[in-house]
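# Results of the structural survey
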Amino acid sequence: QLRRQARERREYLQRRAREQQQRRQRERRESLRRALDENRLLPTELRREALALQKELEFDFDAPGETGDSQDDEYRWAGLEPPKVMVTTSRDPSSRLRLFAKELCLLLPGARRMNRGRAELGALVGACRAAGVTDLLVLHETRGRPDGLTVSHLPHGPTAHFTLSGAVLRQEVGGLGGAPLAAPHLLLLRLDSPLGQRVGTILKHLFPVPRPDSRRVVTFANEDDVILVRNHVYRRRGRTVELEEVGPRFQLRPYLIRLGTLEQGDAADVEWRWHPYTATAPKRRLLSAA
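Summary of the structure given here. (Residues numbered from 1 in each chain as written. Predicted model: local features only at pLDDT ≥ 70, side-chain atom pairs only at ≥ 80, totals over all residues. Heavy atoms only, no water.)

### Side note on the overall build of the protein
How we decide: Here a helix means four or more residues in a row that DSSP labels H or I, a strand means two or more in a row labelled E, and each is numbered from the N terminus. Only protein chains enter the accessibility calculation, which uses a 1.4 Å probe; a residue whose area is less than 20% of its type maximum is buried, one above 50% is exposed, and one in between is partly exposed. Between two residues, a contact is recorded if the distance between any of their heavy atoms is within 4.5 Å. Accessible surface is estimated by sampling points in the Shrake-Rupley manner with a 1.4 Å probe; for residues, cover comes only from the protein chains shown. Counting rule for charge: Lys and Arg are taken as positive, Asp and Glu as negative, and neither His nor the chain ends is counted. Where a charge lies is defined by one atom per residue type: Lys uses NZ, Arg uses CZ, Asp uses CG and Glu uses CD.
When you go through the protein residue by residue, the secondary structure sums to 6 helices and 11 strands. Considering only C-alpha atoms, the protein reaches an extent of 70 × 55 × 45 Å along its principal axes. Counting the 290 residues in the protein, one finds 43% classified as buried. Counted over contacts in the protein with a minimum sequence separation of 6, partners at least 24 positions apart contribute 65%. Of the roughly 17,000 Å² of accessible surface on the protein, 50% is carried by carbon and sulfur atoms. Seen as two clouds, the 51 positive and the 38 negative side-chain charges of the protein have centres 4 Å apart.

In structure tokens:
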């Protein structure tokens, strides 16, 4: 089992390195193509290999549906089978964090909750791999208030870390019936930058493919790089539609994405990290293109 996991991880890293090299070569060809089309001087770094790149341009084409990016390689076959999501908490959770973990399982169809106990991260991730779990979610808290969420995609990553705020439980929303269990339709609003699409890919593959007649909607709406998470059901009354929030309700803000799994920690490569203390940080919008 350990040898098989090591082989799969090695093959994944080799495939990712090969695709990154192909992407860099494609970017050099595109730079040469733009310079030739605009009739301007070639970039200095391309002058030695300009003739070889020009020969490659004659046979340069992209296959339909080819992205050339290995970052989403782990999600290539997502959707063929429903995801298996495991939700757990930090050690010694408070009663509110346990209740929030239970309601998060209601938000994610088919998700299961596991008591953390004294289990370490390595044993936790190993048990999830052995059980065929596709995503491991770990909730964190400070003084009984949920304030962190980690989403680790198995078996090879990525792992996204979010700041969680404004958690409102279902009974605090008010006016609720039974918890809807159908797979929801997803709305990803204003997540159109490359980073926003990456975060949207990580979040949307926590949910199975919904039925066309599903009356449940989960919204991930970006406002100033804060993702608002809302869960609604709707009913048709003639020509009108009645919308009812069923909770839970919370906000997410990503601050770190690693290309490995959760137990690798700092050994995994950092794909993206939030830098709040730069001079242009208040002016930037990272998750939206505008």
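### Brief notes about helix 2 (residues 50–57)
Turn by turn, an α-helix covers 3.6 residues, leaving residues three or four places apart pointing in a common direction. What counts here: Note: the arc covers the axis-to-C-beta directions of the helix.
Restricting attention to buried positions, one finds in helix 2 the residues Ala-50, Leu-53 and Leu-57. Buried residues of helix 2, seen end-on, are gathered within an arc of 65° and therefore sit on one face of the element. More than 90 degrees from the buried face of helix 2, the exposed residues found are Leu-51 and Lys-55.

### A closer look at the pattern of salt bridges
Which entries qualify depends on this criterion: The term salt bridge refers to a pairing of a side-chain nitrogen on Lys or Arg with a carboxyl oxygen on Asp or Glu at a separation within 4 Å.
Following the criterion strictly, the structure yields 10 salt bridges and no others. One salt bridge connects Arg-211 with Asp-213, and the closest N-O pair in it is separated by 3.4 Å. On the basis of relative accessible area, Arg-211 is assigned to the exposed category, the value being 60%. A salt bridge links Asp-224 to Arg-285; the shortest N-O distance between them is 3.4 Å. With Asp-224 in the loop between strand 7 (216–223) and strand 8 (226–237) and Arg-285 in the segment after strand 11 (270–273), this residue pair connects regions lying 61 residues apart in the sequence. Residue Asp-224 is classed as exposed on the basis of its relative accessible area of 54%. A relative accessible area of 39% means that Arg-285 is categorised as partly exposed.

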